[in-house]
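# Coordinate inspection notes
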Protein chains: 2
Amino acid sequence: MSRPQSPEPALNVQGASSIGLGDEDAADGTQHSHRMLSFSDALLSIIATVMILPVTHTDISPEQEFDKSIQKLLATRIAVYLMTFLIVTVAWAAHTRLFQVVGKIDDTLALLNLACMMTITFLPFTFSLMVTFPDVPLGIFLFCMCVIAIGAVQALIVGYAFHFPHLLNPQIQRSAHRALYKRHILRIIFHGPALCFVAAGFSLFFYPASYLLMATVIFLPYVSKAASWCRGRLVGPREPPAHSLEFFTFDLHGPLSKERVEAFSDGVYAIVATLLILDICEDNVPDPKDVREKFSGSLVAALSESGPHFLAYFGSFATVGLLWFAHHSLFLHVRKATQPMGLLNTLSLAFVGGLPLAYQQTSAFARQPHDELERVRVSCAIIFFASIFQFAIWTTALLQEGETLQPSARFGGQEHAFMFAKLALYPCASLLAFASTCILTRFSTAIFHLMQIAVPFAFLLLRLLVRLALAILRALPRLALRPAPTRPAPGGPRDDTCSPLLPAPC
Amino acid sequence: MSRPQSPEPALNVQGASSIGLGDEDAADGTQHSHRMLSFSDALLSIIATVMILPVTHTDISPEQEFDKSIQKLLATRIAVYLMTFLIVTVAWAAHTRLFQVVGKIDDTLALLNLACMMTITFLPFTFSLMVTFPDVPLGIFLFCMCVIAIGAVQALIVGYAFHFPHLLNPQIQRSAHRALYKRHILRIIFHGPALCFVAAGFSLFFYPASYLLMATVIFLPYVSKAASWCRGRLVGPREPPAHSLEFFTFDLHGPLSKERVEAFSDGVYAIVATLLILDICEDNVPDPKDVREKFSGSLVAALSESGPHFLAYFGSFATVGLLWFAHHSLFLHVRKATQPMGLLNTLSLAFVGGLPLAYQQTSAFARQPHDELERVRVSCAIIFFASIFQFAIWTTALLQEGETLQPSARFGGQEHAFMFAKLALYPCASLLAFASTCILTRFSTAIFHLMQIAVPFAFLLLRLLVRLALAILRALPRLALRPAPTRPAPGGPRDDTCSPLLPAPC
C-alpha cells in the first residue's frame, strides 16, 4: 500500500500513446498491452457474470410451490455462479499482476494470453459438471487440469518475458535482481496449480479432499487479503523486506491498476444490463399461434399480458445503470484501488451479477402472486448488498483518504457530502422497500418497479437538496455574524456547476 | 478526411488523465467522458451481437431435414440479427460523433446517456416482434417510437451541452459560430427520428411504406458513406464549405475516433467468444437421469458423446481469438480510422457476430451427418467474409497510407509483408477448406476443428517464414555482389525481434 509506483504501468501505457511514443514502438514487433488488457478484462467480466443465466433459467412451473426442492436447486446453481465469479476474479487479479510485470507484449505473448483466456472460459463448464454430479470426481479433475494449464501458460508468459527483457516493466528491466524476481513470481504463480495437482490426485480416490483443496484455491487470496488488511489495521503495516521487494509490484497485497478495476467493472455492468433484454427477446415475444387462438389475433392484448415484464425490465435496467453510475462517480474520485477496496468491489460486483435473478424473481410475479412479498424481499436484498459494498468501498477509501481519494472527495471537500448521499441512496431505498414488505401484507410489483424507475430523478433531486443543505450550512454562520467563508455564496445548482469553469470558457 | 483534428478529443482525454489534469477536473462536477464512453461501447457491442442467440437457438429436430421451412425461419432470424447489428452500429456511430462534440460530461449528461442506452437496448425486441409478426404494424410502430425517443434524448444532450459550454469540445467552445453548430448538429440528429415519425404514421394504415422508411433509416448512413467515398475516389475530395465547417468534427463523413472503434470491436469479439461457452454450459451438461439410464452411470461415456462439441468449442474460440488478434495487429498500425475503414470494420464484425452460428452449424454434425458438407461450407463462408473484410480494411488503409498507417506498416516498411501475410491467412485457409468441401464427397468435422486449432501455430510459423523470406530477399543482392542494405544482416527471428530495442534495455 505504501508503494507509490504501482499505478504507473497503466499510466505509462496511456501516457505513451498520448504523447506519440506509439508511433515508434509499433515498428519493432513489441506493442503496448493496453488494448489486449481491455479485451481480457471484457472477456473475463463476461465469463464471470454469464453464469447467472442458468440460475435465472431455473424452470419453476406455475403449479409448483416455491418449495424445498426448488430452493435446493436454486441454491446449488447460485453456488456455481458464485464459485465461477470468485475464481474468475482471482484469475483476473492474477492476470492484472502478471501484466504489471510484463509491460509490453509481442505477437507470441498475445497468442499465449489468448490460450490463457480460452482455458479460463472453460472453467464454468467444470463447475456445472461439479454441481450436476457432486459425487463424480470428473468435474473437479477437469477443474484442476484447467488451473494447471492456466498456471503453465502464465509461467510460459513469465519465462518468455524474462527471456526478452525489453518486454518487462521498466523498473524490473533495470533492476539487478531480475533473476530473483523471476523465481519469486514463478513461485507465486505455481501456488494454485500445485494445490490443484494434489487435488487432482485426491479426486481419483477420495474426492471430498479435492473439494476442500479447491475451496482453498478459490478463497485463499481473499482470506489472505482480508487477514493481512486486518493485521495492517491492528498492528500497523508490515516492514517490507529490505532489498528486492522495494519496487516490486507483483505481490498479492499491492494495489490493483485502477484502469483495470474500472474496465472489469464496466464489463460486468454492461453484460448484466444486456442479459435482461436477451431474456425479454427470447421469452416475451408471443407465439403467433397463441395470439391467433387465445387473443383472437390481437398482438397488443398478447403483449399487455407480459406488461409486468417490460416494467420489470425498465426498472432493472435503471437499477443496473444507476449502480454503474454510482460506481463511476465513486471511481472518478478514487486515485488508487487498494486491496481491500478491490475485494469490496468484487463482492459488490458479485451481487450486481445477481440482479438478473432479482429481475426474474420480480417479473415472475404474474404467475405466482402468493410469493410476491418473498420475491420483492430477495430483490431488495440483492440490491442492498450490491450497493452497501459500494458504500463500503467509499468508507474504506476514506480511511486512507490522502492516498486513495482526490482532494474534492475527502472530508470537507466540495463533493464529499454529495458523494455520501449518492452512495447511501440505494442502500436506504432498498432497506426501506424491504421494511415495507415486512409491514404490508401485500406489495404491488408495479410500485416496486416504478420506484426503481424513479430513482434517477432522485439522484438529480439529491444534487439539488445537497447543494441547498450546503448553502444553508454555509449561510448559517454568516447569519450568526461570523465572517463569511472565502467562497462566494452559491446561488443554486446551476451557478455552482458552472462557476468554477466559467472564467475560462464563458 | 482532410481534417486532421478529429482524433483529438479522444487523445485529449487520455493525455489529460495521464498528465494529472484529472485531479483538478473532478472537483467541479464535470468529468472526463472516457469511462462513460467505454461503458457505452461495451453495452452497444453486446446488444449488437447478442441477437445472434435466437438464430443459434433455432431448434432443428433430428428427424427434420434441413429443408425449406427451416431455411426460411433461419433466414428471418438472421435478418433480425443483421438489422439489429446495422441499426446498433448506426446508433453507435451517431453516439461517437455526438461525444466528439461533447467533450466532458457531468452527472446529468451521464444519466441522459443511460436513458439513451436503455432505449437502444430495447430495439432488438421491436425487431423480434417485426419478424415474428411481419404483417402486424405494432413492431414497426414501437421501433419508430424508440428511434424518436433516442433522438429526443440526444437532442437534450446537445441542448444541455450547448447551455453549459464548458462541457463542449474545446474547438467548438472557442468558436464564434457556436449557435450555427448547434443548429447543424440538431438537424443531423433529427434526420432519423423525422423519417421514423412519418413511418410511425404510415404504420397505422399502410405498413409496407413504414418498412421502406425504416430500411432508409438503417441503410442511409451506409449508402451515403459508400457513395461519398466512391465519389471521393472518382472525382477527388469535395471542397469543404468555407467558414463554419473548418474545425467541425460532427459530420457523417469524418473519421471516427480510433479508440472507440477498437473498444466497440473488442466488445463484439469478447461477447462472441463467450456466447460459445454459454451454449456449452447450458446444453452439454448431461442430465443425471440420462447418465444413470443410458450410460450406466458413466459420466465420461456421457461426455464423450458430446466430444465433437468440445472440439468445436475450442476450434471456434481459436478462430474468434485469432480474428481479434489480426484486428488488434492491424489497428496497432492504424493511425486513424477513416469512414470507409469504419464501414468495412462494421461488416467484418457483423460476420464475426455470426460465428456462433458457424459453431452451432458444425457442432450439430453428430446429429445430422448427411448435411456435413453444407454446414462446413456455411462456416467457411462466415469465416471467409469476416476475414476478407479485415483484409479490405488494410487495403483501404494502404490507399491513403500516409494518413492512416504507421510508417512501419506502409509499403516497404518493416512490418508490411508480415501484416499482409497475417491478414491473408484466414481468407486463404477458409477458401481452401471451402474448395476441399467441393472436391471431397465427405469431410470430417474433426479435421475442420483441428485445422481451426492449428491456425495459431500457423501464425507463429508465418512469422518465421516471412522473416526467412525477407532475409533471403535481402541476402540475394549481396550474393550478386551489390552493396548490402544499411541494416545488419538479420540472423533469425530472435535477433530481429530484440535488436531494435537491445541498445537501450539490454
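A brief look at the structure comes next. (Residues numbered from 1 in each chain as written. Chains lettered and ligands numbered in written order. Predicted model: local features only at pLDDT ≥ 70, side-chain atom pairs only at ≥ 80, totals over all residues. Heavy atoms only, no water.)

## Side note on the overall build of chain A
Here is the rule: To qualify as a helix, a DSSP run of H or I must reach at least 4 residues; to qualify as a strand, a run of E must reach at least 2; elements of each kind are numbered from the N terminus. Per-residue accessibility, obtained with a 1.4 Å probe over protein chains only, is compared with the maximum for each type, and a residue is labelled buried under 20%, exposed over 50%, and partly exposed between these values. Any two residues having at least one pair of non-hydrogen atoms within 4.5 Å are treated as being in contact. Calculation of accessible area relied on Shrake-Rupley with a 1.4 Å probe; when residues are assessed, cover is drawn exclusively from the protein chains displayed.
Secondary structure summary: chain A contains 21 helices and two strands in total. Counting all 506 residues of chain A, 58% fall into the buried class. Sequence separation of 24 or more characterises 79% of the internal contacts of chain A that already satisfy a separation of 6 or more. Summed over its atoms, the accessible surface of chain A is roughly 20,500 Å², and 69% of this surface lies on carbon and sulfur atoms.

## Some details on the nonpolar core
Stated formally: In plain words, nonpolar cores are sets of buried Ala, Val, Leu, Ile, Met, Phe, Trp, Tyr and Cys residues tied together by side-chain atoms within 4.5 Å.
Core analysis: the largest hydrophobic core is formed by 287 residues, its most contacted members being Phe125(A), Phe143(A), Phe125(B) and Phe143(B). If near-sequence neighbours (up to four positions away) are discounted, Phe125(B) is found in contact with Ile277(A), Ile280(A), Cys281(A), Asn284(A), Val285(A), Leu303(A) and Phe310(A).

## Looking at the relation of the copies chain B and chain A
Each of the two chain copies goes to the other by way of a rotation about an axis and a shift along it. We apply this condition: We superpose the copies by least squares over the C-alpha atoms of residues that have a pLDDT of at least 70 in both of them.
For the pair chain B and chain A, the superposition axis carries a translation of 0.0 Å, the fit reaches an RMSD of 0.1 Å, and the rotation angle comes to 180°. Taken together, the rotation and translation relating the two chain copies correspond to the operation of a two-fold axis. Interface residue correspondence from chain B to chain A reaches 99%, placing this contact among same-surface, isologous pairings.

## Remarks on the pattern of salt bridges
We apply this condition: Put simply, a salt bridge is a Lys or Arg side-chain nitrogen that is within 4 Å of an Asp or Glu carboxyl oxygen.
Using the criterion set out here, one finds eight salt bridges over all chains in the structure. Residue Asp266(B) is joined to Arg35(A) by a salt bridge in which the shortest nitrogen-to-oxygen separation is 2.9 Å. Of this pair, Asp266(B) sits in helix 11 (residues 258-283) while Arg35(A) sits in helix 3 (residues 34-50), placing the two residues on different chains. In this structure, Asp266(B) and Arg35(A) share a single accessibility class: buried.

## Here's the deal with the interface of chain B and chain A
Size of an interface: often given as the accessible area lost when the parts come together. Put simply, the test is: The quantity reported as buried area is the accessible area (1.4 Å probe) lost by two parts once they are put together, taken as the sum for both. Under the rule applied, a polar contact is a pair of N or O atoms within 3.5 Å (in protein, one hydrogen donor and one hydrogen acceptor; residues adjacent in sequence only if both atoms are side-chain atoms). All amino acids are sorted into three groups, where Ala, Val, Leu, Ile, Met, Phe, Trp, Tyr, Cys and Pro are nonpolar, Asp, Glu, Lys and Arg are charged, and the leftover types, Gly among them, are polar.
Across the boundary between the two partners, chain B contributes 106 residues, which contact 105 residues of chain A. On the chain B side of the contact with chain A, Arg35(B), Phe39(B) and Phe125(B) bury the most area, a combined 8% of that side's loss. Taken together, chain B and chain A are joined by four salt bridges. Put simply, Asp107(B) and Lys422(A) hold a salt bridge, and the shortest N to O gap is 2.9 Å. Linking chain B to chain A there are eight residue pairs in polar contact (both at pLDDT 80 or more). Each residue belonging to the side of chain B that touches chain A can be placed in one class, and the counts come to 60 nonpolar, 30 polar and 16 charged.

## Section: helix 17 (residues 372-399) of chain A
Every α-helical turn comprises 3.6 residues, leaving residues that sit three or four positions apart pointing alike. As a reminder, the rule being used: Under the convention used throughout, the expected extent of a helix is 1.5 Å for every residue step, that is, one less than its residue count.
With 28 residues, helix 17 of chain A ought to run about 40 Å at 1.5 Å a step, and its terminal C-alpha atoms sit 40 Å apart, in line with that. Across the 28 residues that make up helix 17 of chain A, a large majority, 20, are buried.

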